[in-house]
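The primary structure of each chain is shown beneath.
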Amino acid sequence: MIRIEHLKKRYEDTTVLNIAEMDIPKGQVFGLVGNNGAGKTTLFSLLLDLIQATEGTVAIDQVDVSTSEDWKTNTAAFLDDSFLIGYLTPEEYFYFIGELRNVSKQEVDELLAGYADFFNDEILKKNKYIRDLSKGNQKKVGVVATFIGAPELLILDEPFANLDPTTQIRLKELLTEKGKDPNTTILISSHDIQHVTEVCERIAVLEKGEIVKDLQTTAKTLKELEAFFTK
Amino acid sequence: MFLRLLQLQWKSYRRSAAFTSGVITSVFYLFGMLYFIGMFTLLGYGSFYLLDEEMGVDPLHFVNQYMIYGTSFWVVWRYFIQKMPVLNIQTLLTLPIKENAIVHYALGRTIFSFFNVSNAFFFIPFSVVLVNNGYPLSQVMSWHLAIVAIVFYTNYLNILINDRNDVFYGVALILVLFAVFQRYEIFDITTYTGPVFDSFYNDPIYALIPWLMLLLLYRSTFTHFKRRMYLDAGLQVVKKDAQQIRLGWLNRFGRTAIFVKNDIKLILRNKRSKMTIWISLMFLFYGLLFFTDSSGGLYDNPVWKIFAGIFVSGGFLFTFGQYVPSWDSAYYPLMMSQNIVYREYLNAKWSMITIATVFSTLLATFYLLFGWDVYAAILTGAIYNIGINGYLVLLSGAYIKTPIDLTSTKKPFGDKQAFNAKTLLLTLPKLFLPMILYFVGSLFGGEWVGYMTVALTGILGYFLKNKVFDLIETLYKTEKYKTLKAYKQNT
């Protein structure tokens, strides 16, 4: 699904990301952990062609993201609130995304009905603009919007941050459910190693821009990660 | 403390995208500043001789007589354009800084705004010329200082009344009435206000009055600001219920409609963008200045009519189009990673501009009252706007990388120091090119050939749409990363 080759991002003299090679196969739920400034958001931004790589390439479905826009049809991402349109109501925002992805209003409504629990009655039919919602509720909107049109690749940056405990648990269930679909590849970054180990089948640790660990999740993974980060 | 805050301001200025956005725009910006300074200086210097020799009136007395209108116009102009001194106050509130210092600073720094400084470029040369022509220095000084106080007075008045639309429109209405009364010689307010301004010159003691008034006004502006320095008072963002807009009927226009629907919501739901509608309306009536004799025949030639024609139908083009894609700056990463083809996005913006231009042209049919040739100029302007200027605004948009904070109540044009003059400057080729075209055309066969030249250029442009869009698209793509980076900066 994703192939990274000799990917480097440098700002003047500092290399913020340096990945020699990495493959993320279709259907995998991939977790990315690391401390602040490790390069998680940089990597995601490169995947989405929001910043320009200094060297190397990222390909989604064998297409280099910086030369073709084809990847946009089957990729959905929520990195931060710059993926939300503040002056729309959540419904309008979902329909807008739906239109972009050729999903009809009815289909969007059906999809949203399935997330009633997750929304906890705080999002829909509130007659409020997204900009007036709390950070947590904004995140709910952003995350659910990525599900519209069943994209094959989901990229979520810190999806658990700002969420209340109930919603965190529901989101974990939700992502685990999504992850079972062999056609959906999910990339998640988080500061919370526990969440990641619960949801992801593979976890990579980024440190100072380099992948220092790449693990298949097992029962021992959490311990291993804890040991790594306490050093 | 004051110095520290000033340093903060200086840093935010130096590090803004507008300042670091490349040579071309910087040059435009510089050029624009020089242009304005030059114009004001020339006006200040030249108006003495114009009034003295051409019109045979006492220049100082004449200026004083009409000062009331000048001042009022300045207030209105400021109201629409000058930004408010809301620096990042929230961050400062909990820091160990005296509240008074924050407010004094926020108010004090407005002294250096373009609106105050530009006055100096007019009044200083004017005063110098007065002295050179035998007006006594001390009296001119006293008059000049009084005027300085009045300029600052309008500055703080604007800050005080800025969130009071009702007050503002009331005052504006009264002024228009006085102007109309004067025009039809029913009542002449200047016979009462002229002597007031004269007195600043005649007796320096009177010049103290405006300074006292300024002091009082500053005090009340200060308390007004200070009282509202709470997160749930003056610094609060008002939350409103969502407003329902039914736009389903637009769906028949396919994918373009997706963006158009969004843009309509954008315009109607954000204060900042709503202004584009009002300014477009103002532009619509701008032609009255040209086509009636209120300009004293100054613009009574066809080249200037084309200029007016461009303006009348181009209000939306200049106020909305000019800021594409900055309107979407808050969620540009979404637009760049969603299933969006650049061409569709640009085409939607272009369609908005075109529809608004056509609509304005229809509304402008009342200009037919002034004659066929007047409407012909407007029609020609509209064709040119659609065929050429529509592309030009999109082109310049690729380089204007100043994010727009939609939720802010700051004024259009003025929310970034450099934004104002720069965008105005990028407007110049859009205005002067058709004037040149007209001039060249008219050399070959008079007025109508001139109009035809401009209109045909527009029509030609219209048919080259695909080619031009290729160019614009490539440009937006190459600028993409820089734009994304610039928009990441907070406004």
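Worth saying up front: this structure is predicted, and the values here are computed from it rather than measured. (Residues numbered from 1 in each chain as written. Chains lettered and ligands numbered in written order. Predicted model: local features only at pLDDT ≥ 70, side-chain atom pairs only at ≥ 80, totals over all residues.)

Caption draft 1: Seen up close, the overall build of chain B. Along its length, chain B carries 18 helices and 0 strands. Looking at chain B residue by residue over its 491 residues, the buried ones come to 36%. In chain B, the share of contacts with a sequence separation of at least 24, taken over all contacts with a separation of at least 6, comes to 81%. (Helix = DSSP H or I, 4+ residues; strand = E, 2+ residues; numbered from the N terminus. Buried ≥ 20, exposed ≤ 12 C-beta atoms within 10 Å, placed from the backbone. Contact = placed C-beta atoms within 7 Å.)

Caption draft 2: Representation of the sheet that holds strand β4 (residues 55–60) of chain A. Residue and element names in this part refer to chain A. Overall, antiparallel pairing links the 4 strands, which are arranged β2-β1-β4-β5 in an open sheet. The sheet is open, and its two edges are formed by β2 (14–24) and β5 (63–64), each paired on a single side. By the bridge criterion, 5 bridges tie strand β1 (residues 2–11) to β4 in an arrangement that is antiparallel. Note that in β4 the partner of lysine 8 across the bridge is glutamate 55. Where helix α1 (residues 40–47) meets the sheet, it contacts β1, β2 and β4, and its direction lies at approximately 120° from that of β1. (Pairing = 2+ DSSP bridges. Axes fitted to C-alpha atoms, helices over the stretch in contact; angles between N-to-C directions.)

Caption draft 3: Quick peek at the interface of chain A and chain B. Each partner contributes to the interface: chain A provides 26 residues, whereas chain B provides 24 residues. Top contributing element to the side of chain A that touches chain B by residue count: helix α2 (residues 90–100) of chain A, with 3 residues. Looking at the side of chain A that touches chain B, its residues break down into 13 nonpolar, 6 polar and 7 charged. (Nonpolar A, V, L, I, M, F, W, Y, C, P; charged D, E, K, R; others polar.)

Caption draft 4: Quick peek at the confidence of the model for chain B. For chain B, per-residue confidence averages 80 on the pLDDT scale, and 85% of positions sit at 70 or higher. Prediction confidence for the complex, expressed as pTM and ipTM, is 0.74 and 0.91 respectively. (pLDDT = per-residue confidence, 0-100.)

Caption draft 5: Examining the environment of Pro25(A) more closely. Residue and element names in this part refer to chain A. Inspection of the secondary structure assignment puts proline 25 in the loop between β2 and β3 (29–33). For proline 25, a count of 11 C-beta atoms within 10 Å translates into the label exposed. For the pair proline 25 and aspartate 61, spaced 36 residues apart in the sequence, the C-alpha separation amounts to 9.9 Å.

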